[in-house]
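Descriptive analysis of the structure
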Amino acid sequence: MLSRTVDSVSDRLRQYVAVPSDVSPVSAALAVDIRTFPWIRRLASDYAFAYANVAPFFAGDPATSAAWADTIRRSQGLARRPAELARLIAAQQEKRGAPAESRASAARLADPATRVVITGQQAGVFGGPLFTLLKALTAMKLAAKVEREHKVPVVPVFWIDAEDHDWPEVSGCTVLDSELAPSSIRLADLGGAGELPIARLTLDAQSTIAVDELEAALPDTEFKAAIIESLRAAYAPGTGMATAFGKWIEEVLGPHGLVVYDSSDANAKPLAREVFVTEISQPGNTARIAARAGEELVAKGYHAQATLADGTVSLFHLNPERAAVRVDGNQGYIGDRELSLPQLVDEAQQHPEHFSPNVLLRPIVQDALFPTICYVAGPNELAYLGQLKEVYAHFGVPMPLMYQRATATLADSATVRFLNKYELPLTALRAQDEAALNQLLESQLPPTVEQSLSAAAAAIDERMAAVAAAVPQIDPTLEGTVKSTLGKLQHEVHSLHNKVIQAAKRRDETLRRQFQRAQALTFPQGHPQEREVGFVWFLNRYGPALVDRLIDELPLEMGHHWVLTI
């Protein structure tokens, strides 16, 4: 069960883990300012803490109610085909056997008044890392909040990025064993892996082996059997990779009303026909507009995430394999195949199912299909989304708000007690060496030991300084010998200090084990837990009630990494 906020946090810990003033005291989270994390870029931190600096690149500040009201209004200005979209999603759900609650949410999309909070991710095996779950939960909580506050129906949607072909990105899943040692389970290469879109990869007998390996790697819990049974059903041989992912996400979050959308659905491509035709008819415009925005970002001290060469069309062709589309004058190219520009435009008109948007055009396609008022983004996604404001305008699609996904570490009470007791910031656990442990052990030494060693070092420095001043009066050539002797004495004192630390380590193996356990849980292999550990591991450890607790207690406030005590 998620615990309430720990009351007794030391002053030193609070400079790293501080509860912001706008967070309720009944929140189950301690907040770490994301600016203390070295992997957070300035754009992401300014988006949360200094939105005015990045305002020219986005549609509005999601921290303000006025921005939500304006975005809801603007999203209603584009004519879409809600009934057709609802029917397409219902067909996908029927194929996957979606829960009734998810189907009911999808049916609401047929109402032209319904708005959408959307997020998405690649179809990672067994659901991918914890941040995939956090993304979806952020969208779900935001949708409920906006519906409640703005009196408009809002549905949370998860967009499966199923037409990417990055096989290494989606084929592995890391879990922790009973000793919190990481174990990586990886699907053997499927036919076409690395060349075909993920949605076109069909699971074979290797998926059964991967589930077996996962079963062996997961610690035994009361929830394990049900999880493995569900994964065997979702990842059965003969199932498409994206379909398997969708089934599993729906198994976990569908009962809470999340709508899962498979972006590879050929039947949905006609809804994006106009976007595809415009992109080909005006080749390179999207890339040029995004490049200009990227230059403006760089000029303001940020970074440009997406750069494309001139003539790049922001589409891929999928028939039969995934190939880049280029245009040079009146000549079009699909991979190495040549055709005229009118022929290329005609193919987009007649066969939109042959095309897929790249990273710059995907948000435009997404928001042309869905009445989106907000996209829930990861910190790195904000950079390329910041290049798209004028691209949205170019296509006449209202740009939604962008909201940073919740970022969190799920810790047990023992880990939080350890951090509190020894006044350690969460970030002290990241480095995969013993520097922080040595400092901790040093802080636990009896004061007289540390004081005596410090006094000895100070006395040596003082006395040798006097010798260094006097000796040259007798023989100037001895000055080097004095310095050498001082260095040796300092080295001996330092060595003695290290030996004391090592003795402390041997004496206090319990503290050492506590440190290493907390380190293994929060930063496995030196990586943030949410990016390294598959969310299936947390479900196995805490059961389905974990989702309910996260829905109740995962804070939405941006700019903080939340340490949730379980």
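Since the structure is predicted, the reported quantities are computational estimates derived from the model, not experimental observations.

**Some remarks on helix α15 (residues 362-369)**
- For α15, a buried count of eight out of eight residues is recorded, marking the element as mostly surrounded by other parts of the structure.
- For α15, the complete set of buried residues consists of Arg-362, Pro-363, Ile-364, Val-365, Gln-366, Asp-367, Ala-368 and Leu-369.

**Observations regarding empty space enclosed by the protein**
- Under the criterion given, the structure shown has two cavities of 30 Å³ or more.
- Along the walls of the second largest cavity sit Ala-287, Ala-290, Ala-291, Ala-306, Thr-307, Leu-308, Leu-360 and Gln-387, which together make up its complete lining.

**Section: helix α6 (residues 100-107)**
- Every buried residue belonging to α6 is among Ser-102, Ser-105 and Ala-106, and all of these are buried. Taken end-on, α6 shows its buried residues confined to a sector of 100°, consistent with a single buried face. Along α6, exposed side chains directed more than 90 degrees from the buried face belong to Ala-100 and Ala-107.
- As for α6, its buried residues are in contact with α5 (82-96), β3 (154-161), α11 (241-253) and β6 (259-262).

**Some words on the packing of helix α7 (residues 130-150) against helix α25 (residues 545-553)**
- Packing of α7 against α25 leaves a shortest axis separation of 10 Å and a crossing angle of 50°. As summarised for this structure, α7 and α25 are arranged oblique, according to the angle between their axes. When the axes of α7 and α25 are compared, the crossing they make is right-handed. Where α7 approaches α25, its residues Leu-133, Leu-137, Met-140 and Lys-141 are matched on the opposing element by Val-547, Leu-550, Ile-551, Asp-552 and Glu-553.
- For the contact of α7 with α25, the per-class residue count stands at six nonpolar, no polar and three charged.

**Description of the side chain of Asp-367**
- Summarising the element assignment, Asp-367 is placed in helix α15.
- It is Arg-80 that comes nearest to the buried, bridge-free Asp-367 among opposite-charge side chains, at 6.6 Å.
- In this structure Asp-367 touches Leu-78, Arg-80, Thr-372, Tyr-392, Val-397 and Pro-400, once residues within four positions along its chain are discounted.

**Focus: the nonpolar core**
- Residues Phe-58, Val-117, Tyr-261, Ile-280, Phe-370 and Met-402 are the most contacted members of the largest nonpolar core, which totals 104 residues.
- Setting aside anything within four residues of it in sequence, one finds Met-402 in contact with Tyr-47, Phe-58, Pro-62, Cys-374, Tyr-375, Leu-382, Leu-385 and Tyr-392.
- Grouped together as the second largest cluster of nonpolar side chains are 65 residues, Met-140, Trp-167, Ile-228 and Val-252 included.

**Details of the pairing of strand β7 (residues 312-317)**
- The element β7 is extensively covered by neighbouring structure, given that six of its six residues are classed as buried.
- Here β7 pairs with strand β8 (residues 323-328) via three bridges, running antiparallel. The partner of Thr-312 across the bridge, within β8, is Arg-326.
- Between the end of β7 and the start of β8, which pair antiparallel, lie five residues.

Reading the values: the criteria
- Residues numbered from 1 in each chain as written.
- Predicted model: local features only at pLDDT ≥ 70, side-chain atom pairs only at ≥ 80, totals over all residues.
- Heavy atoms only, no water.
- Buried < 20%, exposed > 50% of the residue type's maximum accessible area, 1.4 Å probe, protein only.
- Helix = DSSP H or I, 4+ residues; strand = E, 2+ residues; numbered from the N terminus.
- 1 Å grid on protein atoms, 1.4 Å probe; cavity = no way out; pocket = protein on both sides within 12 Å on 5 of 7 lines; lining within 4 Å.
- Points joined across faces, edges and corners; volume = space filled by probe spheres on them.
- Arc of directions from axis to C-beta.
- Contact = heavy atoms within 4.5 Å.
- Axes fitted to C-alpha atoms, helices over the stretch in contact; angles between N-to-C directions.
- Parallel < 35°, antiparallel > 145°, perpendicular 65-115°, else oblique.
- Left-handed = near helix turned anticlockwise from the far one by under 90°.
- Nonpolar A, V, L, I, M, F, W, Y, C, P; charged D, E, K, R; others polar.
- Lys, Arg positive; Asp, Glu negative; His and termini not counted.
- Salt bridge = Lys/Arg side-chain N within 4 Å of Asp/Glu carboxyl O.
- Core = buried A, V, L, I, M, F, W, Y, C linked by side-chain atoms within 4.5 Å.
- Pairing = 2+ DSSP bridges.

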